[in-house]
Amino acid sequence: MLEGLCGQALSLGADSIEVEHKDSREWVFANKGGMGVGIANYDSSSADGKTLRGNLYAAAKKPVRTVIGGQAYIFKVRIFESFGEDTFAVSIKLAPNLK
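All of these numbers come straight from a predicted model, not from anything done at the bench.

A few points about the sheet that holds strand 6 (residues 85–94)
Okay, so step 1: On the basis of which strands lie adjacent, the open sheet formed by six strands has the order 3-2-1-6-5-4 and antiparallel pairing. Of all strands in the sheet, those bounded by a partner on one side alone are strand 3 (35–43) and strand 4 (64–68). Strand after strand, the sheet turns through a mean of 25° between neighbouring axes, direction not considered.
Okay, so step 2: As paired elements, strand 5 (residues 71–82) and strand 6 share ten bridges and run antiparallel to each other. Following the sheet pairing, Ile-74 is matched in strand 6 by Lys-93.
Okay, so step 3: Against the sheet, helix 2 (residues 47–61) makes contact with strand 1 (16–22), strand 2 (25–32), strand 3, strand 4, strand 5 and strand 6, and its axis sits at roughly 65° relative to strand 6, the strand it touches most.

Following this line, the structure appears as structure tokens:
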């Protein structure tokens, strides 16, 4: 799920996403140049909401390397607290070439 959301963000020209918990929902924003655009939201108790949070916590422990549109990317997740809830900042960077 995280790869799909990051792929959607990249298609909008964004270089990161942020996931915030508010009103029992997980809100996903694509960030470009300091501006955020909502791209998805999930009920926190739904399967999608739980999967997304699980993906984010796992990626916070170990960066994710994946291929989107033929390019290799690395997702790094930072967790910070906002109003007593975990908020996730996901950077999307081109992976270095492995030679």
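A few points about the pattern of salt bridges
Okay, so step 1: This structure, assessed with the given rule, holds one salt bridge.
Okay, so step 2: For the salt bridge of Glu-26 with Arg-53, the shortest nitrogen-to-oxygen distance reads 3.0 Å. Taken as a pair, Glu-26 in strand 2 and Arg-53 in helix 2 lie far apart in primary sequence, 27 residues in all.
Okay, so step 3: On the accessibility criterion, Glu-26 (1% relative accessible area) is buried.

Digging into the pairing of strand 5
Consecutive side chains along a regular strand alternate between the two faces of the sheet.
Okay, so step 1: As judged from the five bridges shared by strand 4 and strand 5, these two strands associate in the antiparallel manner. Each bridged residue has a counterpart across the sheet, and for Val-67 the counterpart in strand 5 is Ala-72.
Okay, so step 2: Connecting the antiparallel pair strand 4 and strand 5 is a turn made up of two residues, with Gly-69 showing a positive phi of about 60°.
Okay, so step 3: Hairpin geometry of strand 5 and strand 6 is characterised by an intervening segment of two residues between the two adjacent antiparallel strands and by a positive phi of about 55° at Phe-83.

Let's talk about helix 2
Okay, so step 1: The terminal C-alpha atoms of helix 2 lie 21 Å apart, and with 15 residues this matches the ideal 21 Å at 1.5 Å per residue to within 8%.
Okay, so step 2: Along helix 2, the residues that are buried comprise Gly-49, Leu-52, Arg-53, Leu-56 and Ala-59. Down the axis of helix 2, the smallest arc covering the buried residues is 130°, so these residues share one side. Those residues of helix 2 that are exposed and aimed more than 90 degrees away from the buried face are Ala-47, Lys-50 and Lys-61.

Overview of unusual backbone geometry
Okay, so step 1: Of note in this structure, Asp-23 is not a glycine but carries a positive phi near 55°.
Okay, so step 2: Structurally, the position occupied by Asp-23 is in the loop between strand 1 and strand 2.
Okay, so step 3: Of note, Ser-24 is a non-glycine position whose phi angle comes to about 60°, a positive value.
Okay, so step 4: As for its position among the elements, Ser-24 is in the loop between strand 1 and strand 2.
Okay, so step 5: For Ser-24, a relative accessible area of 48% corresponds to the partly exposed category.

Parameters at a glance
- Residues numbered from 1 in each chain as written.
- Predicted model: local features only at pLDDT ≥ 70, side-chain atom pairs only at ≥ 80, totals over all residues.
- Heavy atoms only, no water.
- Pairing = 2+ DSSP bridges.
- Helix = DSSP H or I, 4+ residues; strand = E, 2+ residues; numbered from the N terminus.
- Axes fitted to C-alpha atoms, helices over the stretch in contact; angles between N-to-C directions.
- Contact = heavy atoms within 4.5 Å.
- Salt bridge = Lys/Arg side-chain N within 4 Å of Asp/Glu carboxyl O.
- Buried < 20%, exposed > 50% of the residue type's maximum accessible area, 1.4 Å probe, protein only.
- Expected span 1.5 Å × (residues − 1).
- Arc of directions from axis to C-beta.

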